[in-house]
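# Fold and geometry: a report
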Amino acid sequence: MRDRTTFKIAALIIAALQVVGPGMQSAAQSEMRVIELLADKDSRFKIGRKASPTLTLRAGEEVKFRITAKKAKTQNRNGSIHGFALIRKKDGAKFPDWDLELKPGVQEFVLKVPDLPGEYQIVCTVICSEGHEDMHMKVIVIA
Ligand SMILES: [Cu+2]
């Protein structure tokens, strides 16, 4: 009788471990870095209260951008109010995955950081106001 109980407990523990296993994996995935960014109505990217912040990212990592967009003065015909594109500083290279148009409200994007360390820039690609040309932020990609 006692052996049977021990067996049952052992079986329960094994079953519990099997349930926890995949759960822990997805917990690790959800630890992806989340960057809260504001594409603001004054045509500036902001993190917290800081306008035009410098963002440091690790080469090859996946990050989640949670972007809140607020309309400045003008928008695209398709309703986009700001853009979000990555450009490599030394040669102006663009990255197709990092060329987004922002609609009003909150949007999330999971993006893979380029493998090549160096200096990059995130720029707005929608003519959003007279301040549009200055709507950019520096990105440093580290190894
Ligand atoms: Cu703009």
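Residues numbered from 1 in each chain as written. Predicted model: local features only at pLDDT ≥ 70, side-chain atom pairs only at ≥ 80, totals over all residues.

## Some points on the overall build of the chain
The helix and strand tally for the chain stands at one helix and ten strands. Of the regular secondary structure in the chain, the N- to C-terminal order runs α-β-β-β-β-β-β-β-β-β-β. Looking at the chain as a whole, 18% of its 143 residues are labelled buried. Counting contacts in the chain only where the partners sit at least 6 residues apart, residues at least 24 apart contribute 69% of the total. (Helix = DSSP H or I, 4+ residues; strand = E, 2+ residues; numbered from the N terminus. Buried ≥ 20, exposed ≤ 12 C-beta atoms within 10 Å, placed from the backbone. Contact = placed C-beta atoms within 7 Å.)

## A closer look at unusual backbone geometry
For S43, which is not glycine, the phi torsion reads 60 degrees and is therefore positive. Here S43 lies in the loop between β1 (33-39) and β2 (45-47). With a phi angle near 50 degrees, S52 is a residue other than glycine that sits in the positive phi range.

## Comments concerning the sheet that holds strand β5 (residues 62-69)
The strand order across the open sheet built from five strands is β3-β2-β1-β5-β8, with neighbouring strands paired in mixed fashion. Every interior strand has two partners, whereas the edge strands, β3 (50-51) and β8 (105-112), have only one. Pairing of β5 with β8, which is carried by eight bridges, proceeds in the antiparallel orientation. The partner of I67 across the bridge, within β8, is Q107. (Pairing = 2+ DSSP bridges.)

## Points about the environment of L116
Structurally, L116 is set in the loop between β8 and β9 (118-123). Expressed as a C-alpha distance, the spacing of L116 and R58, which sit 58 residues apart in the sequence, is 9.6 Å.

## Side note on the pairing of strand β7 (residues 94-102)
The sheet contact formed by strand β6 (residues 82-88) and β7 spans five bridges and is antiparallel. Directly across from H82, in β7, lies its bridge partner L102. Between the antiparallel neighbours β6 and β7 lie five residues, among them G92 with a positive phi of about 75 degrees.

## Focus on the sheet that holds strand β10 (residues 136-142)
In space, the five strands of this open sheet follow the order β4-β10-β9-β6-β7, with mixed pairing throughout. Sheet topology places β4 (55-58) and β7 at the edges, where each strand pairs with a single neighbour. Sheet twist, expressed as the average angle between the axes of neighbouring strands with direction ignored, equals 25 degrees. Sheet topology places β6 next to β9; four bridges connect them, and they run antiparallel. Bridging from a neighbouring strand, I87 pairs with Q121 of β9. (Axes fitted to C-alpha atoms, helices over the stretch in contact; angles between N-to-C directions.)

Scope: geometric values only; no functional claims are made or implied.
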